[in-house]
Amino acid sequence: MRFWAKLLTILLLPASTAHADVVADAFKAGGVAILMRHATAPGTFDPDHFKLDDCATQRNLSDAGRDEARRIGIKMKALGLIAGEVLTSQWCRCRETAALAFGAARDWPALNSFVRDRSTEQKQTTDILARIAAIKPGMRPLVLVTHQVIVTTVTGIYPNSGDAVVVAPSRRDGKAGVRVIGTVKADGQTP
């Protein structure tokens, strides 16, 4: 009887409430990773004179992007996120997103964009999947702040700025992979 009552409750809830519950349950249980695209940084791609160690040469967060990063951090906390390790791409927009949403982060080059140079795509993807595969059940969620191309390559989902995809480690054909649990949208919507 209890099973049927719970199933009926889930079926009658608006999709966003049921989805938010699934994400909140995953945060509480742990053993998951969150791949988050940096918040809004106007434009596309970085200028040709881009330098990784010089924020002035990069696309950076706008004021709206900074507000978005703060909001997504608040939303994740409201869903019960108590982050474990927070890792970020070395791009300034990712570092700032991580700092505003989660307080602090450590650089991890595997999260850097390979949109202009695909020569490192396979190694970076393998490294990210291996790091996610190392997550043990019950561990606090691992947060990875990165770029659209990385999130899409790992999850198959194209995120908007500030969106996050929650995944659990999985294995397919003996290889490390991910199982998508849900998403947290920066715009305040939950699919």
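Residues numbered from 1 in each chain as written. Predicted model: local features only at pLDDT ≥ 70, side-chain atom pairs only at ≥ 80, totals over all residues. Heavy atoms only, no water.

**Student:** Explanation requested: helix α5 (residues 121-133) in the structure shown.
**Tutor:** The periodicity of an α-helix, 3.6 residues per turn, causes residues three or four places apart in sequence to face the same way. Between its first and last C-alpha atoms α5 spans 18 Å; for 13 residues at 1.5 Å apiece the expected length is 18 Å, and the two agree. By the burial criterion, the buried members of α5 are Gln124, Thr125, Ile128, Leu129 and Ile132. All buried residues of α5 fall inside an arc of 130° around its axis, so they share one side. Of the exposed residues in α5, the ones pointing more than 90 degrees away from its buried face are Gln122 and Lys123. Considering only its buried residues, α5 is in contact with β1 (33-37), β4 (142-146), α6 (148-155), β5 (164-172) and β6 (175-184). (Helix = DSSP H or I, 4+ residues; strand = E, 2+ residues; numbered from the N terminus. Expected span 1.5 Å × (residues − 1). Buried < 20%, exposed > 50% of the residue type's maximum accessible area, 1.4 Å probe, protein only. Arc of directions from axis to C-beta. Contact = heavy atoms within 4.5 Å.)

**Student:** It is not clear to me how the pairing of β5 should be interpreted in this structure. Could you clarify?
**Tutor:** Side-chain direction in a regular strand flips from residue to residue, so the side chains alternate between the two faces of the sheet. By the bridge criterion, four bridges tie β1 to β5 in an arrangement that is antiparallel. Its bridge partner being in β5, Met36 is matched across the sheet by Ala164. Of the strand pairs in this sheet, β5 and β6 are connected by nine bridges, and their pairing is antiparallel. The residue bridging Val167 from the neighbouring strand is Val180, located in β6. (Pairing = 2+ DSSP bridges.)

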